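Descriptive analysis of the structure
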Amino acid sequence: GTVCDSSAGATQACDFSRDILASTEDVWAQQFQQGRLPRYNNQQADAYQNPTLVIYSGGVGTDGCGRASSDVGPFYCPGDRKLYVDPSFYEVMESRLRAPGDFAQAYVIAHEVGHHVQNLIGATQVQVQGESANQTSVRVELQADCFAGVWGHTARADLAIDEADLREALNAAHAIGDDALGHQNESQFTHGSSAQRM
């Protein structure tokens, strides 16, 4: 379900987020039921377990990840299986990152749901020998992007996703690549390059 902080003053964002979350739930319930997800260390939920999406403003307390401010951007907390989004991030995407549009916002939600899927299948516990912490982070983030793509592809007909929507999502993925955000040293990347994210 979706929990909207009454002080967030973002009824439209709540309604939109609720619709996107419901779509992700439909897609992932089907994917789990069909056994289409990889297993990591034999960890696999038998059925998809819906996360909770929390729409907040300014700052928020979590059960398992401490307190967070809007500055951290959207995030998933595996401890409480909740996704946290401050709608002000969408304004940042539109104005500072030049990534406007409803489907750009949908991609953000789908990406965080991707982290929830990873949590359910044990993907975040995988250790790769010789991999740095940053390389692990990039691998995890790119898989969450891939899962967002699985959702978009599967839900395309139901949501009437068109080419303009896909351009919005790809534009958003490009805008939040580490290189597009000004990071020069690839070894310091935490989310992947724009090209990788797209």
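Okay, so let's go over this structure. Everything quoted here is computed from the prediction, not taken from an experiment. (Residues numbered from 1 in each chain as written. Predicted model: local features only at pLDDT ≥ 70, side-chain atom pairs only at ≥ 80, totals over all residues. Heavy atoms only, no water.)

A word on the packing of helix α2 (residues 88-95) against helix α3 (residues 102-121)
Closest axis-to-axis distance for the α2/α3 pair is 11 Å, and the angle between their directions is 125°. Relative to α3, the element α2 is oriented oblique. Considering how the two elements wind past one another, α2 and α3 form a crossing that is right-handed. Residue-level inspection shows Phe-89, Tyr-90 and Met-93 of α2 in contact with α3, the latter providing Ala-104, Gln-105, Val-108 and Ile-109. Residues that form the contact of α2 with α3 fall into these classes: six nonpolar, one polar and no charged. (Axes fitted to C-alpha atoms, helices over the stretch in contact; angles between N-to-C directions. Helix = DSSP H or I, 4+ residues; strand = E, 2+ residues; numbered from the N terminus. Parallel < 35°, antiparallel > 145°, perpendicular 65-115°, else oblique. Left-handed = near helix turned anticlockwise from the far one by under 90°. Contact = heavy atoms within 4.5 Å. Nonpolar A, V, L, I, M, F, W, Y, C, P; charged D, E, K, R; others polar.)

Comments concerning unusual backbone geometry
A positive phi angle, near 55°, is found at Arg-81, a position not held by glycine. On the basis of relative accessibility, which here comes to 34%, the residue Arg-81 falls in the partly exposed class. Here the phi dihedral of Ala-160 falls at roughly 55°; this positive angle occurs in a residue that is not glycine. Considering the arrangement of structural elements, one finds Ala-160 in the loop between α4 (133-155) and α5 (163-175). (Buried < 20%, exposed > 50% of the residue type's maximum accessible area, 1.4 Å probe, protein only.)

Section: the packing of aromatic side chains
Each aromatic ring pair is specified by the distance between its two centres and by the angle formed by the two planes. Per the stated rule, a full pass over the model turns up four aromatic pairs. Summarising the aromatic geometry, the rings of Trp-28 and Phe-147 are spaced 5.4 Å apart at their centres and angled 75° between planes, so their arrangement reads as edge-to-face. With Trp-28 in helix α1 (residues 11-33) and Phe-147 in helix α4, the pair connects residues that are 119 residues apart, well separated along the chain. On the accessibility criterion, Phe-147 (6% relative accessible area) is buried. (Phe/Tyr/Trp six-rings, centres within 6.5 Å; stacked < 30°, edge-to-face > 60°.)

Focus: the side chain of Asp-145
By the secondary structure assignment, Asp-145 is in helix α4. Beyond its immediate stretch of four places on either side in the chain, Asp-145 contacts Tyr-107, His-111 and Arg-197.

Thoughts on the state of the cysteines
As enumerated under the stated definition, the model contains two disulfides in all. Put simply, Cys-4 and Cys-14 are joined by a disulfide, and their sulfur atoms are 2.1 Å apart. Taken together, the residues span a long stretch of sequence, with Cys-4 in strand β1 (residues 2-4) and Cys-14 in helix α1 at a distance of ten residues. Its relative accessible area of 6% is what places Cys-14 among the buried residues. Linked covalently through their sulfurs, Cys-65 and Cys-77 form a disulfide whose S-S length is 2.1 Å. The S-S bond linking Cys-65 to Cys-77 shows a torsion near 95°; that makes this disulfide right-handed. In this pair, Cys-65 sits in the loop between β3 (59-61) and β4 (67-69) while Cys-77 sits in strand β5 (residues 75-77), placing the two residues twelve residues apart along the sequence. Bonded cysteines in the chain are paired 1-2, 3-4 when counted in the order they occur along the chain. (Disulfide = S-S within 2.5 Å.)

Details of the nonpolar core
Core analysis: the biggest nonpolar cluster contains 39 residues, and Trp-28, Phe-32, Tyr-107 and Trp-151 have the highest contact counts within it. In terms of residue count, α3 provides more of this core than any other element does, eleven residues in total. What Trp-28 contacts, discounting residues up to four positions off in sequence, is Leu-37, Tyr-48, Val-113, Val-117, Phe-147, Val-150 and Trp-151. Core analysis: the next-biggest nonpolar cluster, separate from the first, contains seven residues, Val-54, Val-60, Ala-68 and Phe-75 among them. (Core = buried A, V, L, I, M, F, W, Y, C linked by side-chain atoms within 4.5 Å.)

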